[in-house]
Structure formats: structure tokens, C-alpha cells
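A structural walkthrough
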Amino acid sequence: MENKRMWSDEETLAFVGFMEEFVVDGQRADCGQFKPGTFEKLALKILEAFPSCTLTAKHCKNKHKRLKEKYQYTADMLACSGFGWNNEKECVEVDSKDVLDAWLKAHPTKFYTPGKPFPLFHRLEGIFGRDRATGAGAVSGFDVEEQVNEETDDIAAGFDQSEMSPPPDQEGVAAMQGQASHSEAGATAGSTRLCGRKRKQVDVLERMADQIQ
């Protein structure tokens, strides 16, 4: 593919370092996603560090997505019984093959393999850890992650492989409010006409009663 781009280990480390700086600088919104324009800034930072590289904002966005998927998958794994973190080897370890088979059956899309070094895990926790939902209604990060069309643009070498929602259309809101007001006015007018007809019927009945008497 024309836009396919290999990331070196040095570029990946620098990219994670720049994301950490942006988190400290407040470049993340309350929803945990980076603010609009952040990936363009990340691309410029990468270009400054590696003048001959060809990474773009789109590559940075895809790399961010890949790292987040891998981190969340690993964190979910560690939250389950039978998995643990080996500080010396910087990887996840699993108690038995049965535990791993059960996990893979429930999580068919694999973003990380236990036993494989993942030295960036704890650094990524500082970047993506706040994004994770908690509680009975929690949803996995895979389910809510923004889908990026260029799924195969970036492949990391060595490390394994929204923006924020736009504000509502004010004109559209005003139009809906206008329609609601018009409907309420029409309902009121219809009710008034109905009451008028009932009063006329009562008057006719009263006159007929007087004539009979």
C-alpha cells in the first residue's frame, strides 16, 4: 500500500515521549482523547527529531490507535485471574495454557501475546490509563475507539504492533424548537375550537328545554 510505513524503535520511543509531554501540557480533553490538532503537532515533533522521516499526522493517529489497543488489551488481561506482570522480563505471564486458551476464546482479536516483552506498558498507562471505563456499565476501549479507515498504514518494528464530538448544529436545534412551538400552538387552537363547539351545543339544548316548558 502506498501509505504503508514502518516505525523504527527510536521513532516509537520518541512518539510515546511526545505524547507524555502533551498529556502533561493538557492536550487531552475530558473524554481522554487528544484535542483537535494534536496529531498534527505530534507529526511536527517527530519531523524535528527525525528530519528525514516521512511520518504524517495520519500515521501518528494510526500509531496512537495501535498503541492504545495494545495497552488496553494487556491491561484487561492483567485484570483477570491467572495473569501477572513480570517486572524483570517486562511482559505478561500466564499460569497455564488453559487460562490463555479461555482468554483467547473470549478475545479473538489478539493485540498482545503473553511472554513477549512490552517495555512501554507502564509508560502507556500514564497516557491511556485514564481512558478506561469502570463500573457495571463499563465498555471495553475496543468498542468505543474511533475507527480509522487506513487500518494497515502503520506497522511497528520491534514493539509489536476523537476527536471530540462536534457541537450540535444550532440552526438545527432552533428549527426543532420552532416545530415544537408550532405543534403546541396548533394543539391549543384545536382545543379552543372544540370547547367552542361544545358551548354551542349546550346553548341549543337549553333553548329546546325552554320551548318545551
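Structure: see above.
Source: prediction; values computed, not measured.

**Focus on unusual backbone geometry**
- Phi at E90 is positive, roughly 55 degrees, even though this residue is not glycine.
- Note on placement: E90 falls in the loop between β2 (83–86) and β3 (91–94).
- Residue classification places E90 among the partly exposed residues on the basis of a relative accessible area of 35%.

**Comments concerning the pattern of salt bridges**
- Evaluated as defined, the whole model comprises 4 salt bridges.
- The shortest N-O distance in the salt bridge between E21 and K45 comes to 3.6 Å. With E21 in helix α1 (residues 9–24) and K45 in helix α2 (residues 38–49), this pair connects stretches of sequence that are 24 residues apart.
- A residue is classified by how much of its surface remains accessible, and E21, at 37% relative accessible area, is partly exposed.
- Using a relative accessible area of 26% as the deciding quantity, one classes K45 as partly exposed.

**What to know about α1**
- With 16 residues, α1 ought to run about 22 Å at 1.5 Å a step, and its terminal C-alpha atoms sit 23 Å apart, in line with that.
- Among the residues making up α1, those that are buried are E11, T12, A14, F15, V16, G17, F18, M19 and F22.
- Among the residues trailing α1, G26 stands out with phi positive, at a value near 80 degrees.

**Considerations on the nonpolar core**
- One finds F15, M19, L42 and L124 to be the most contacted residues of the largest nonpolar core, which totals 33 residues.
- At the level of elements, α1, α2, α3 (57–78), β3 and α5 (121–128) are the ones that each hand at least two residues to this core.
- Counting residues per element, this core draws most heavily on α3, at 7 residues.
- Contact partners of L42, with chain neighbours within four places excluded, come to F15, F18, M19, F22 and C60.

The rules we used
Residues numbered from 1 in each chain as written. Predicted model: local features only at pLDDT ≥ 70, side-chain atom pairs only at ≥ 80, totals over all residues. Heavy atoms only, no water. Helix = DSSP H or I, 4+ residues; strand = E, 2+ residues; numbered from the N terminus. Buried < 20%, exposed > 50% of the residue type's maximum accessible area, 1.4 Å probe, protein only. Salt bridge = Lys/Arg side-chain N within 4 Å of Asp/Glu carboxyl O. Expected span 1.5 Å × (residues − 1). Core = buried A, V, L, I, M, F, W, Y, C linked by side-chain atoms within 4.5 Å. Contact = heavy atoms within 4.5 Å.

By themselves, these observations are geometric and do not establish any function.
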